[in-house]
2 protein chains.
Amino acid sequence: MYDARISSLQAAVPALQVLTDPTDLAHYGVDWTRRWTPAPLAIALPADVAQVQAVMRWAHAQGVAVVPSGGRTGLSGGAVAANGELVLSLQRMNKVLGFDAVDRLLTVQAGAALETVHEAARTHGLQYPVDFAARGSCTIGGNIATNAGGIRVVRYGNTREWVAGVKLVTGTGELLDLNRGLVKNSSGYDLRHLAVASEGTLGVIVEATLRLAEPAPATRVMLLALPSFDVLMQVFQALRERLGLEAFEFFTDRALHHVVAHGAQPPFDTAYPFYVVAEFASEGEAGEVALLSAFEHCVEQGWVEDGVISHGDTQAAQLWRLREGITESLAPYVPYKNDVSVRVSAMPAFLAETQALLAAEYPQFDVVWFGHIGDGNLHINVLKPEAMANPDFVIECERVTKLLAATLERHGGSISAEHGIGLVKKPYLRSTRSDAEIAVMRGIKAALDPAGILNPGKLFDP
Amino acid sequence: MYDARISSLQAAVPALQVLTDPTDLAHYGVDWTRRWTPAPLAIALPADVAQVQAVMRWAHAQGVAVVPSGGRTGLSGGAVAANGELVLSLQRMNKVLGFDAVDRLLTVQAGAALETVHEAARTHGLQYPVDFAARGSCTIGGNIATNAGGIRVVRYGNTREWVAGVKLVTGTGELLDLNRGLVKNSSGYDLRHLAVASEGTLGVIVEATLRLAEPAPATRVMLLALPSFDVLMQVFQALRERLGLEAFEFFTDRALHHVVAHGAQPPFDTAYPFYVVAEFASEGEAGEVALLSAFEHCVEQGWVEDGVISHGDTQAAQLWRLREGITESLAPYVPYKNDVSVRVSAMPAFLAETQALLAAEYPQFDVVWFGHIGDGNLHINVLKPEAMANPDFVIECERVTKLLAATLERHGGSISAEHGIGLVKKPYLRSTRSDAEIAVMRGIKAALDPAGILNPGKLFDP
């Protein structure tokens, strides 16, 4: 496959590693959505920041579209290259660059896996508290580009809260060294926060300086079986008031069904409609007493039908597996994923409306609900029936997502809580952001990427 | 004083309260810098968001410059109107609009005083943890516009961390309802974070939704006398490791001299070169033991020459007064203020260089140092000798600030930690932000304020 642009790139950046093999194009051209047919021009694998800048200067001069690429574990098509783009993979830039004990800052290249960051933090007796199941494959650059959330947001916030500095290469190849790890820096617009959640449309994140936190406290994990959706928020509030919440996750009987079918041990003899996995700081006897008393309160109120409290790390991991194993257990089904959020206070009304909507619109589909309910974040996974063709299934799901987006808009919610907009949610962005906001976003993109070559067509149309 | 533009404004927004009396122009045209001669066109006092939008639509159509205005307690000239601008004061929009117990969110109009926010939070059994001495006069809109820091940043972060939503009226009069209190919302660029620290150049902040925190723990306050600068960071690290730090502030003997001359009680019989006020979470006997052991450790190391630990709120307030009273005690002297920051780890080297620089360049001036050393933030106040004319004094201080800015640049610091850039720091912005960053900032401003009427000349030149 010959393309004059590839020779031009190799002439402009001689030391750059470039892949053009069809297998590589297919591999690097997709993310976890797998809805689009990969068709990149080529794959660039820069070794350092200077090469990233050189690639971007070349792409700007030649008008070649570039897709920045990390672990490609995204769920919104943000890293898809289906239109002859150059994929710029940060795969080789995956090193830990340094740690400062006084500042408690860890500096890493953007291609480092989240797990690499976790390990480096532990080495220094601290923790990087953002965590989710894709930790082994996703990269910190991708985490920042989507402001990844995960299972500890209720306690530690999103990725954004932990980014003390970002190095960003713009659409013209300029290197911006943003905030440089400062705690206090009121010197104009904070472009670091613009880089967070920019989905590769404003620049290529090449390096990050991350805040680390004190190690997590000793914790216990609780699994609760609930009789109805209605009591979910009451359980959340009761536990939040009484215990140091580290995580509060919910899932339905359908979710448990799939995880158990995938090999997990059923937690109770009886099936219940809803489940909560919650984790709490718990130290010493006082912690034990508080935990039991909170649990008993929920039982007495009739909110909880059954429950388990972990004793030891093995049991805690078993309970967590029931929640963390859901995504993996659904993978064989080609799920269509909604990732929505509302204010926590709006959750009961939103849930009731959405349940009614989906029951009416998806009577024929298996719908699996789970999510980070303490952050107002709900994941709705619709499973494709085996006999149905995927394009037909997606059309049907997109029809219903339009209705869901209208419900969200009425409740002041967001069409993307933590996956990003990418290609998948682009048609519904207007349910969450006004025309005026989108116009401002376009203006901001023009300031950082005047040629419009950075991940074009993602987030909004050019 | 007749100006056709005033009649035009009154015709365009009939219900708008407009002041044109010379006393009002002089009052609303300045902030705490008092370096520029106020010369606004008029003062607009909108009663609601619709009036703010109408004023901005009129200003955009007429090409009239607008200075958004809060409590005007700023120290960088960000709210100064010295060039015939229309001052848009949020003074009448000062109400608490609502509180949600589930979300723990407080919604207020932008003109509400910080103290009003504190009181509202307390009413609901929670706290708004950003705090500093101007709490009675400054407004939450101004706090957001400069990302105000203060005395609890080491524990709770800056204003930015507590802003869950902002309503912003742009330079064309569009109302943007940004983030709406959502915990998770990965739907494109986070314009809320762009509004924070925008110093009135991107829009008028009209409403804010603020996160509230659990009430502060019971605390004790410690005053420490230190023999030298060199041990300061060692004391900080030792206390941070051993105790739950809520604040860690430092000041010099010159600062104490002025506070005592202003009426405070001297804490020790002897004078020492440096002092620290630190506040710690301290509950029960275990807290007492940890506190004493940390104190003894510092004494044993030879880092601390004398110390007091508060018993009761009255003594805690007395110790705090020694730090919080500094700014007030310096007010009669017309101080020139530097508000700089570096990474905490860079502080020792930066301090040493800066001390040498200022001793060489300011041999004739009284230089008072204090600051939030746990955040890497140093306040340097140079006092004008009585016999010196203010313009000569400012010229001399600006000459030395250029040298200080060069030192900061070498250490990766910021020329404005928490006061903002405004007019005062504008000549030094390039020490902290690159030309490429400033070019991006200009592009962003054009996207939100295409006519360039919002606080023109602040932050950077048009």
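Residues numbered from 1 in each chain as written. Chains lettered and ligands numbered in written order. Predicted model: local features only at pLDDT ≥ 70, side-chain atom pairs only at ≥ 80, totals over all residues. Heavy atoms only, no water.

## Some points on the overall build of chain A
Heads up, the rule is: Only DSSP runs of H or I covering at least 4 residues are called helices, and only runs of E covering at least 2 are called strands; the numbering of each starts at the N terminus. Between the two quantities, the radius of gyration covers C-alpha atoms and the globule rule is 2.2 Å times the number of residues to the power 0.38. Burial classes: relative accessible area under 20% of the type maximum marks a residue as buried, over 50% as exposed, and values in between as partly exposed (1.4 Å probe, protein chains only).
Looking only at helices and strands, one finds 15 helices and 16 strands in chain A. Relative to the 2.2 N^0.38 estimate, which gives 23 Å for 462 residues, the radius of gyration of chain A is 23 Å and therefore close to what a compact globule would have. Considered along the principal axes of its C-alpha atoms, chain A spans approximately 70 × 55 × 45 Å. Residues counted as buried form 61% of the 462 residues belonging to chain A.

## Digging into the packing of aromatic side chains
Heads up, the rule is: Stacked, edge-to-face and tilted labels apply to pairs of Phe, Tyr and Trp rings (six-membered ring for Trp) whose centres lie within 6.5 Å, assigned for plane angles under 30 degrees, over 60, and everything in between, in that order. For a lysine, the NZ atom is tested; for an arginine, the CZ atom; a charge sits over a ring if that atom is within 6 Å of the ring centre and within 35 degrees of the ring normal.
Overall, the coordinates contain 26 aromatic pairs over all chains when judged by the stated rule. By the ring-pair criterion, three or more aromatic residues cluster together here, those being A:F229, A:F250, A:F274 and A:W369. In this structure, A:R211 packs its charged tip against the face of A:W162, placed 4.7 Å from the ring centre. The ring of B:Y156 has B:R155 lying over it, and the distance from NZ or CZ to the ring centre is 4.5 Å.

## Some remarks on the interface of chain B and chain A
Rules: We call two residues in contact whenever any of their non-hydrogen atoms come within 4.5 Å of each other. Note on definitions: buried area is the accessible-area loss of two parts on being combined, 1.4 Å probe, summed for both. One speaks of a salt bridge when a side-chain nitrogen belonging to Lys or Arg is within 4 Å of a carboxyl oxygen belonging to Asp or Glu. By the criterion applied in these results, polar contacts are pairs of N or O atoms within 3.5 Å in which, for protein atoms, one can donate a hydrogen and the other can accept it, and in which residues neighboring in sequence qualify only through two side-chain atoms. Side-chain classes follow a simple rule in which Ala, Val, Leu, Ile, Met, Phe, Trp, Tyr, Cys and Pro form the nonpolar group, Asp, Glu, Lys and Arg form the charged group, and the remainder, Gly included, forms the polar group.
Across the boundary between the two partners, chain B contributes 71 residues, which contact 70 residues of chain A. Across the interface of chain B and chain A, roughly 5,700 Å² is buried in total on both sides, 53% from carbon and sulfur atoms. Between the two partners, chain B and chain A, sit 8 salt bridges. In this structure, the salt-bridge partner of B:R160 is A:D190, at a minimum N-O distance of 3.4 Å. Taken together, the connections running from chain B to chain A amount to 42 residue pairs in polar contact (both at pLDDT 80 or more). Counting only elements with at least two residues in the side of chain B that touches chain A, the list comes to β6 (105-109), β8 (175-178), α7 (191-195), α8 (232-242) and α15 (435-448) of chain B. Looking at the side of chain B that touches chain A element by element, the count peaks at 9 residues for α15(B). Looking at side-chain class alone, the side of chain B that touches chain A contains 26 nonpolar, 27 polar and 18 charged residues.

## Brief notes about the sheet that holds strand β6 (residues 105-109) of chain A
Residue and element names in this part refer to chain A. In plain terms, the rule: Two strands are said to pair when DSSP picks up at least two bridges between them. Inter-axis angles, ranging from 0 to 180 degrees, are taken between N-to-C directions of lines fitted to C-alpha atoms, where helices are fitted over the stretch in contact.
The strand order across the open sheet formed by 5 strands is β5-β6-β9-β7-β8, and the pairing between neighbours is antiparallel. Looking at strand neighbours, the two that pair on one side only are β5 (96-100) and β8 (175-178), the edges of this open sheet. Averaged over all adjacent pairs, the angle separating strand axes in this sheet is 10 degrees, with direction ignored. Bridge count between strand β7 (residues 163-169) and strand β9 (residues 204-211): 6 bridges; the pairing is antiparallel. Within the sheet, the bridge partner assigned to K167 lies in β9 and is E207. Along the sheet, helix α3 (residues 49-62) contacts β7, β8 and β9; its crossing angle with β9, the most-contacted strand, is approximately 145 degrees. Its contacts with the sheet put helix α4 (residues 114-123) on β5, β6 and β9, and the angle it makes with β6 is roughly 150 degrees.

## Overview of the relation of the copies chain B and chain A
Under the convention used in this document: Least-squares superposition of the copies uses the C-alpha atoms of those residues scoring a pLDDT of at least 70 in each of them.
When chain B is fitted onto chain A, the two copies agree to an RMSD of 0.0 Å after a turn of 180 degrees and an axial shift of 0.0 Å. Overall, the copies show the geometry of a two-fold rotation axis. Proximity to the rotation axis, assessed at the C-alpha, singles out B:I444 in chain B; its C-alpha lies 2.6 Å from the axis. Taken together, the interface assignments show that 99% of the residues at the interface of chain B recur at the interface of chain A, consistent with an identical surface on both copies.

## So, the side chain of A:Q51
Residue and element names in this part refer to chain A. Topologically, Q51 is positioned in helix α3. On the basis of relative accessible area, Q51 is assigned to the buried category, the value being 10%. With residues up to four places along the chain from it excluded, the contact list for Q51 reads V13, A15, L16, L45 and P46.

## Some thoughts on the domain arrangement of chain A
All names here are of chain A. The condition that has to hold: Where each domain starts and ends follows an automatic or database-derived domain assignment.
Segmenting chain A into domains produces domain 1 (4-92), domain 2 (96-211), domain 3 (219-327) and domain 4 (334-436). Its C-alpha centre places domain 2 at a distance of 28 Å from the equivalent point of domain 4. Domain 2 puts 8 residues into the contact, and the matching count from domain 4 is 8 residues. Here domain 2 meets domain 4 over a buried area of about 530 Å², counting both sides, of which 43% is carbon and sulfur. There are 0 salt bridges connecting domain 2 and domain 4. In this structure, the connection of domain 2 to domain 4 is made through 5 residue pairs in polar contact (both at pLDDT 80 or more). Here the residues of the side of domain 2 that touches domain 4 are counted per class, giving 4 nonpolar, 3 polar and 1 charged.

## Some points on helix α11 (residues 313-324) of chain B
Residue and element names in this part refer to chain B. Selection rule: Between the first and last residue of a helix there are one fewer steps than residues, each counted as 1.5 Å, and that sum is the expected span. What the arc describes is the spread of directions from the helix axis to the C-beta atoms.
An ideal rise of 1.5 Å per residue puts 16 Å on 12 residues; α11 measures up with 15 Å between its terminal C-alpha atoms. For α11, the complete set of buried residues consists of A316, L319, W320, L322 and R323. Viewed end-on, α11 has its buried residues packed into an arc of 145 degrees, placing them on one side of the element. Looking at α11, the residues exposed on the side facing more than 90 degrees away from the buried face are T314 and Q318.

## Notes on the sheet that holds strand β13 (residues 306-309) of chain B
Residue and element names in this part refer to chain B. If you trace the 7 strands from one edge of the open sheet to the other, you get β13-β10-β12-β11-β15-β16-β14, paired in antiparallel fashion. Here the strands that pair on one side only, and so sit at the sheet edges, are β13 and β14 (335-341). Looking at each pair of strands side by side, their axes are set apart by 15 degrees on average, direction ignored. Its contacts with the sheet put α8 on β10 (219-226), β11 (244-252) and β12 (274-281), and the angle it makes with β11 is roughly 165 degrees.

## Points about the pattern of salt bridges
Tallying each qualifying case throughout the model produces 46 salt bridges over all chains. The partner of B:E353 in a salt bridge is B:R410, with the nearest N and O atoms 2.5 Å apart. Remark: B:R410 occurs in helix α14 (residues 390-410) and B:E353 occurs in helix α13 (residues 347-361); sequence separation between them is 57 residues. Judged by relative accessible area, B:E353 falls into the partly exposed class, the value being 32%. For B:R410, a relative accessible area of 56% puts it in the exposed group. Close ionic contact of B:K426 with B:D461 constitutes a salt bridge, the shortest N to O distance being 2.6 Å. Placement of B:K426 in the loop between α14 and α15 and of B:D461 in the segment after α15 is noted, with a sequence separation of 35 residues between them. Several salt bridges converge on common partners, so that one network encompasses A:D131, A:R135 and A:E324.

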